[in-house]
There are 2 protein chains.
Amino acid sequence: MRLASPTIVEVAQRAGVSISTVSRCLNHPDKVGKKTLQRVRKVIDEVNFSPNALAQSFRRGKTNIILVVVHEIGSGLLSEVVGGIRSVLDGRYAVILTESRPDAAQPANFIEMLVAKQVEGVILLCSVPPFSRKIIELNKARNLPIVIGLEPLSDELRKLPSVHIDNFAAASEATAYLIGLGHHRIAFVSGPRQSYVTLDRERGFMAAMADAGLDGSHVHYADLSVNGGINAANDILTGAPPSAIFCANDDMALGVMSAAARRGLAIPGALSVLGFDDMRYAAIANPPLSTVAQPAREIGIHAARRLLDAIDNPDEPGRQTEILQHRLVIRSSTGRGPG
Amino acid sequence: MRLASPTIVEVAQRAGVSISTVSRCLNHPDKVGKKTLQRVRKVIDEVNFSPNALAQSFRRGKTNIILVVVHEIGSGLLSEVVGGIRSVLDGRYAVILTESRPDAAQPANFIEMLVAKQVEGVILLCSVPPFSRKIIELNKARNLPIVIGLEPLSDELRKLPSVHIDNFAAASEATAYLIGLGHHRIAFVSGPRQSYVTLDRERGFMAAMADAGLDGSHVHYADLSVNGGINAANDILTGAPPSAIFCANDDMALGVMSAAARRGLAIPGALSVLGFDDMRYAAIANPPLSTVAQPAREIGIHAARRLLDAIDNPDEPGRQTEILQHRLVIRSSTGRGPG
DNA sequence: GCAATATGTGAAAACGTTGCCATTCACAAG
DNA sequence: CTTGTGAATGGCAACGTTTTCACATATTGC
């Protein structure tokens, strides 16, 4: 009993007018006679008509949909960014999200393309290479407006407008803070090497260590997850442990804290832990996690504005990367070091 | 310099064939002569043609897009559920997400409708009433397949297929566990009253208390957020505090733990805290949070399968609500009570 | 009361595909 | 040589809308 939706034609017939008139009632009601309008609207209500969005989009060549690509939705930070994006776009565009984490990998990618073409712009909040490469192609081939948020990307992507913090500077400031606290042996838990965000943070760490004449080679690699942090901590804390561990994100820092707690290590007494991102649970960790905060909502807002720019002026490239301010948030997981 | 995308017509001309043939090359290549196919494919490559997805969907009346509605993306639990959904749907459908949390409220809703109509099915993972009501209308009016996941919904929604745990039973078991531990004064931190999930949990708590002949009226209301938990805890812990607090979700439980820690209350020594959901950070809280786990991924998988069913057999209602197993996860935030 | 101008309306052409049907052609069977 | 068969291809309508253009009618200014 799938009843076919009524079309504009049916409305026209019932109201005894032409389809043009019905269309006008929908889109330019001021250009329609008063009583005609009334009659048509009545019929529209009666048959519960609403225009076929597919046909509309097709005809207009416009979908009013913006796609936001995230790697995985379960992150408070992303939630903030998306909130910022929506605060700008809502009303003008429907914001839909897609995850780039692969599940059935191959065919999915293909379908993403399909999605992408029904979309008027994309905000990329992730940098997984195979996926972003596809997106770039689309940008080139179809002239699809794209803005990168949160992540500075590989060199080929740097031509695209992007909005993020200065990860290098942030990490090196944070490291300097740790050094100022008297820590000399500091380990850094980095993320996957393809990620330019964590790479920048890693380099910031090493630069700050070098500046202070300290050994910045104590770098471990994990996968940015809590478990990654736990494993890294277990590695790091055997043998001669450092007095501080700086993590490329909060999830790993939380993992490190958990592993340290399990080993009976007092934080920050025996070990200082510093995170990155200031995600939602950082403040209520036990002890509350020191971290460097990204202005997530702001990033979303700016990215959305840039996208709007790009859509409205498809021809001019616009200024490229936009750097927002980070902020070192000192809570209780960091304390004085031995030195 | 927005260059118009080439259409099938252009390809046809360049290849010296009819557009039907080009279309066939795309959709039924076996029905095309070998050398024609080759020639057409060459041209397609040359001009970098790919069919206009909007036109295709319009023509076919099929978009191959499934919409998943979540209240807000920043939750590990949802991430799991979505993972499950995608493991079933990827390849057959593109899965896109939308948040129901309002930002620019009114106009947004309107646009959601637009989105909804380009979509072949919806999985609702949230129950915010104004939004879900809209969805229901769509279901009725357009016969749009819908499945509810994670949340049992209001009576009017109970007609829709849904997949979730037995929140009443789970909460009452968890409460019984607390009682068995020797707790007599137990507070419950509930969520907003419109939410049927938290309502069920609340009722489960009260029933278990009543069964044990205890006072189950110690119920506080918060908004399911960490801060809500903190505030609730501050209320509860002044005066004559209970020996255990059971929260309707983990976020609030984490908030309660944080507030308790700030007050110098030992957990579980002075206060036991029990959460609900087993979200990602529950296991690494300090101390690790006892909670009741939902089989999130399973819920996603089942919901997706139900949706597929509903799409394939639009006429039969199919069996209605499907109950999956919960599991009490005992970690270190709960301990023996005074009694 | 007549031209000039608004105002409201309808006919029809698009938008880019797909798929049915008809056509052509080659080739095998009679 | 005719007829029948199958494969390969082209023509064309259709999907539901929006929009341009032209037409008819109503309104205004003399």
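Not measured: the values here are computed from a predicted model.

Here we come to the protein's contact with DNA strand D. Taken together, 27 residues are adjacent to DNA strand D, and Ile8(A), Arg59(A), Thr21(B), Gly33(B) and Thr36(B) come closest. Those atoms of DNA strand D that come within 4 Å of the protein belong to sugar or phosphate at a rate of 54%. At a separation of 3.0 Å, a base oxygen of DNA strand D approaches a polar side-chain atom of Ser20(B). Thr21(B) places a polar side-chain atom, nitrogen or oxygen, 2.6 Å from a phosphate oxygen of DNA strand D.

What follows covers the nonpolar core. Ranked by size, the top nonpolar core spans 148 residues in total, and within it Leu125(A), Phe246(A), Leu125(B) and Phe246(B) carry the most contacts. Core analysis: the second largest hydrophobic core is formed by 30 residues, Ala94(B), Ile96(B), Val122(B) and Leu124(B) among them.

Right, let's get into the relation of the copies chain A and chain B. Mapping chain A onto chain B is achieved by rotating through 180° and translating by 0.1 Å along the same axis, at an RMSD of 0.1 Å. On the angle and the small slide along the axis, the relation comes out as a two-fold axis. Of the interface residues in chain A, 98% have counterparts in chain B that sit at the interface too, so the contact is made through matching surfaces.

Residue and element names in this part refer to chain A. Reading across from one edge, β7-β6-β8-β9 is the order of the four strands in this open sheet, with parallel pairing throughout. On the outer flanks of this sheet lie β7 (219-221) and β9 (272-274), each paired with one strand and no other. The average angle at which neighbouring strand axes cross in this sheet is 20°, direction not considered.

Contacts between chain A and chain B engage 65 residues on the former and 64 residues on the latter. Here chain A meets chain B over a buried area of about 5900 Å², counting both sides, of which 55% is carbon and sulfur. The largest share of the area that chain A buries against chain B comes from Leu54(A), Ile73(A) and Arg142(A), three residues that together contribute 11% of it. The tally of links between chain A and chain B comes to four salt bridges. Between Glu72(A) and Arg280(B) there is a salt bridge, and its shortest N-O distance comes to 3.4 Å. Counting across the interface, chain A meets chain B through 10 residue pairs in polar contact (both at pLDDT 80 or more). Tallied by class, residues from the side of chain A that touches chain B come to 33 nonpolar, 18 polar and 14 charged.

Basis of the calculations
- Chains are numbered independently. Their residues run from 1 in the order of the written sequence.
- Chain letters and ligand numbers both follow the written order, the letters beginning at A and the numbers at 1.
- Confidence filtering applies because this is a predicted model: local features only for residues at pLDDT of at least 70, side-chain atom pairs given and counted only at 80 or more, and all residues used for totals across whole chains, interfaces and linings.
- Side-chain numbers come from the whole structure's heavy atoms, not from hydrogens or water.
- Throughout, near means a residue has at least one heavy atom within 4 Å of the molecule or strand.
- Within 3.5 Å is the distance limit for a polar contact, defined as a pair of N or O atoms, with the added protein rule that one can donate a hydrogen and the other accept it, and that residues adjacent in sequence qualify only through two side-chain atoms.
- Put simply, buried Ala, Val, Leu, Ile, Met, Phe, Trp, Tyr and Cys residues joined by side-chain atoms within 4.5 Å make one nonpolar core.
- The cut-offs for exposure are 20% and 50% of the maximum accessible area for each residue type, with area from a 1.4 Å probe on protein chains only; residues under the lower value are buried, those over the upper are exposed, and the others partly exposed.
- The least-squares superposition of copies is restricted to C-alpha atoms, and to residues with a pLDDT of at least 70 in both copies.
- Every residue pair with non-hydrogen atoms within 4.5 Å of one another is taken to be in contact.
- Strand pairing follows a simple DSSP-based rule, namely that at least 2 bridges must link the two strands.
- Strands here mean DSSP runs of E at least two residues long; helices mean DSSP runs of H or I at least four residues long; both are numbered from the N terminus.
- Lines fitted to C-alpha atoms define the axes here, with helix axes fitted over just the stretch in contact, and angles between the N-to-C directions of these axes take values from 0 to 180 degrees.
- For any pair of parts, buried area is found by adding up, for both, the accessible area (1.4 Å probe) each one loses once the two are put together.
- We count a salt bridge whenever a side-chain nitrogen from Lys or Arg sits within 4 Å of a carboxyl oxygen from Asp or Glu.
- Only Asp, Glu, Lys and Arg are considered charged, only Ala, Val, Leu, Ile, Met, Phe, Trp, Tyr, Cys and Pro nonpolar, and every remaining residue, Gly among them, polar.

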